[in-house]
Amino acid sequence: MSLLQTDGMTLDLLFEMRVVGNGVIAPDGKQAVFVVWEHIPGEQKRRGRIWLADIASGEARPFTSGKHSEYSPCWSPDGKQLAFLTTADGEKEKPQIYLISVEGGTARQLCKMPNGVSNLSWAPDGSRLAFLCLEGEEPKVDPKVITQGRHRRLWTVRLEHHIPEPVIPAGFSVWEYTWSPDSKSIALYYAAGADETDWYRGQIGVVAAEGGAIRQITHLTWQARALAWSPDSKQIAYVSGRWSDPGRGSGDIFAVSLADGQIRNLTPSIISSPTWCYWLPDGAHLLYTACKDVTHQIGMLDSRDGTITLLDEDFVMLWDQPSLSITQDGQRFVTTHSTSIRPPDLWYGEITSEQGSVPSLQWRKVSRLNPIIEETVRFSATERIHYESVDGWCIDGIFQPPLVSESGKLPPLYVDVHGGPSGAECDYWDSSSQMMAAHGFAVFRPNMRGSWGHGTAFADAVLGDMGGKDFQDILNGIEYLVQQGKVDGERVGIGGWSNGGFLSAWAVTQTRRFKAAMMGAGISDWLNMHAQTNIADADILLLGADPLEHPEVYHKHSPITYASRVVTPTLILHGEDDPAVPVAQAYAFYRALRERNVPVELVVYPREGHGVGERDHFRDVMERLLGWLERYL
């Protein structure tokens, strides 16, 4: 046994960590590729590099070695080539498609699109690659003209011709797509509008792979994602719900018939929150992944009668969007896995079953990206908690005790509220919580109503009630921890990013329970938010009101309305270029608190959007937050 050299997570250790992205399994199931993101000395942002893993031996190694990030790898159907995206000519260039032999060698560029490429996918017959690309010229910044955005158009390119071909007419935006099994059609989640907010009004359609008009097959009022064709190409399964953030979602699994457009809810009474599905070759069953409480599940769903067979009830995958990369036979797959004390790695799973027996799932780890940290650092293990809240609802969350506490004293508590509100705290590796624990803070991450993990009714309970019972769920969780003797109820702080920033700002206007707060990219004024955000449909969905017809609803749910009540020292952090929650939200709350002599500090990070990506900025966020909590807790 080696001696532990470090007691707890530090920022220096964090910047040495490799971070794994979603893996992609080879068609024969014998290998997998995945992207590893790591900090390079002297560079502010992590660089992505494609790794190759051998499933049998469990050995993984770097496969590409470009000077710039390489990502989004996908296998050719014959398993002989990889396609991927990179800005090989420099980070200021747009990402383009490159091909490389799995045997190695030099990658070659397949084609060039002036606006770059995203969402790469190989046709099942190997004849071509599909991708998305923004239309039109990039908007000028001097002067900055605010007008309609640019559509995300679907294209294909044949391997031997290198000339991109449009698949859909101009004037539509594709958010997600998937090839039919015979490579003749492509299913789309698309919208007529070009702006980010038009995602909320998307529909499912089908278009011929050769190109043509989109055939709309749904009339959705909710959003959809995770499209999956049935083996006979007669149905499309998808996950649908009402969600706060474009591109992310969890809800029920539906199936729509291409013949008559009839839609069936395959999971009307499910008590978990599916995020991904795959139609198995028998045409009757779907494999799916889901959030459940604070963990993830993998199950098999019978599309005929809704019967569910759980294959794994507790295997935490990637954040709150668990998914699998699966072979065509539906038996083998790869995904990421982590625990509260082990950083994420790539894992291989295989379903085995004998005639008449219940299928079983076996796992094997196929990468080990952070051996030094695993072997030399002691971490704080989490505790999964469940408690009763308003209306008798059971709420779950993650409690992380500090590594060390003052002798004879209960530790101070930091309540870390997740974004969304669509999302979930799961029992995965969390670097920030580990750093808090290393500095003597207990951390509570609640899954208040509005979160995933308990089905659609629980997730939808926050709609029209932002800052209502969801906030009471947080307060009741704190009281539970105090009553259990786990934390000092007189030393409680709260913070979060996005929706977590909103609830933190809301918290200090509603109660004096908190001795310190951090509002990260949070909403303080819903009316102003609607005017400036790039996702204006979000507040209409969340508040259940039109801002012009019912401005009183927006005032009622805005922290700025009650800012005169605040006495809690509040740290406000925000990205200067945040398109979702514009920085004016931070300035408004800062001004309100400053004019009332509340201890407040506003830090705006240049070049950052709805999060912080540069190394020095992230270091500043953590050091500043820890300093704020140490000062006031």
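The structure we're discussing is the one just above.
Since this is a predicted model, take the numbers as computed values, not measurements. (Residues numbered from 1 in each chain as written. Predicted model: local features only at pLDDT ≥ 70, side-chain atom pairs only at ≥ 80, totals over all residues. Heavy atoms only, no water.)

Trainee: Could you clarify how one ought to interpret empty space enclosed by the protein in this entry?
Mentor: Rolled over the atoms, a probe with the dimensions of a water molecule shows which regions are left empty. Here the structure, examined in full by the defined rule, presents three cavities of 30 Å³ or more. Empty space within the largest cavity amounts to approximately 140 Å³. In this structure, the largest cavity is lined by 18 residues; those nearest its centre are G420, S498, I523, M529 and L542. Mapped onto the lining of the largest cavity, the elements with two or more residues apiece are α6 (499–510), α7 (526–532) and α8 (536–543). If one sorts the elements of the lining of the largest cavity by residue count, α8 sits on top with three residues. Partitioning the lining of the largest cavity into residue classes produces eleven nonpolar, five polar and two charged. (1 Å grid on protein atoms, 1.4 Å probe; cavity = no way out; pocket = protein on both sides within 12 Å on 5 of 7 lines; lining within 4 Å. Points joined across faces, edges and corners; volume = space filled by probe spheres on them. Helix = DSSP H or I, 4+ residues; strand = E, 2+ residues; numbered from the N terminus. Nonpolar A, V, L, I, M, F, W, Y, C, P; charged D, E, K, R; others polar.)

Trainee: What is the right way to look at the pairing of strand β5 (residues 59–62) in this model?
Mentor: The side chains of a regular strand alternate between both faces of the sheet. Pairing of strand β4 (residues 47–54) with β5, which is carried by four bridges, proceeds in the antiparallel orientation. Note on β5: the bridge partner recorded for L52 is R61. Connecting β4 to the next strand, β5, in antiparallel fashion are four residues, including G58 with a positive phi near 75°. (Pairing = 2+ DSSP bridges.)

Trainee: Help me understand the sheet that holds strand β27 (residues 332–339) in this model?
Mentor: Backbone hydrogen bonds are what pair the strands of a sheet, in a parallel or an antiparallel way. The four strands are arranged β26-β27-β28-β29 in an open sheet whose pairing can be described as antiparallel. Both edges of this open sheet fall to β26 (325–326) and β29 (360–365), since each of them pairs with a single strand only.

Trainee: Looking at this structure, I do not really get the packing of helix α3 (residues 431–438) against helix α11 (residues 615–632). What am I missing?
Mentor: Helix-helix packing is characterised by the crossing angle of the two axes and by the distance between the axes. Direction vectors running N to C along α3 and α11 enclose 40°, while the axes themselves pass 11 Å from each other. Judged by the angle between their axes, α3 and α11 are oblique. Our pair here, α3 against α11, has a crossing hand that is right-handed. Of the residues in α11, those in contact with S432, M435 and M436 of α3 are F618, M622, L625, L626 and L629. The class makeup of the residues in the contact of α3 with α11 is seven nonpolar, one polar and no charged. (Axes fitted to C-alpha atoms, helices over the stretch in contact; angles between N-to-C directions. Parallel < 35°, antiparallel > 145°, perpendicular 65-115°, else oblique. Left-handed = near helix turned anticlockwise from the far one by under 90°. Contact = heavy atoms within 4.5 Å.)

Trainee: I tried to follow the environment of D539 on my own but got confused; where do I start?
Mentor: One can find D539 in helix α8. Look at D539 and you get buried, because its relative accessible area is 1%. Sequence-wise, D539 and L527 are twelve residues apart; in three dimensions their C-alpha atoms are separated by 8.9 Å. (Buried < 20%, exposed > 50% of the residue type's maximum accessible area, 1.4 Å probe, protein only.)

Trainee: Any chance you could explain the nonpolar core here in plain terms?
Mentor: It is characteristic of soluble globular proteins that their nonpolar side chains tend to be buried jointly. I236, L413, V415, I478, F514, W526 and F589 are the most contacted members of the largest nonpolar core, which has 95 residues in total. Ranked by residues supplied to this core, first place goes to α6 with six residues. (Core = buried A, V, L, I, M, F, W, Y, C linked by side-chain atoms within 4.5 Å.)

Trainee: It is not clear to me how the sheet that holds strand β20 (residues 252–257) should be interpreted in this structure. Could you clarify?
Mentor: Strand order in this open sheet of four strands is β18-β19-β20-β21, and the pairing throughout is antiparallel. Each edge of the open sheet is held by one strand with a lone partner, namely β18 (223–229) and β21 (263–265). Across the sheet, the axes of successive neighbouring strands diverge by a mean angle of 30°, strand direction being ignored. Taken together, the five bridges between β18 and strand β19 (residues 235–241) define a ladder with antiparallel strand orientation. Paired with W229 across the bridge in β19 is I236.

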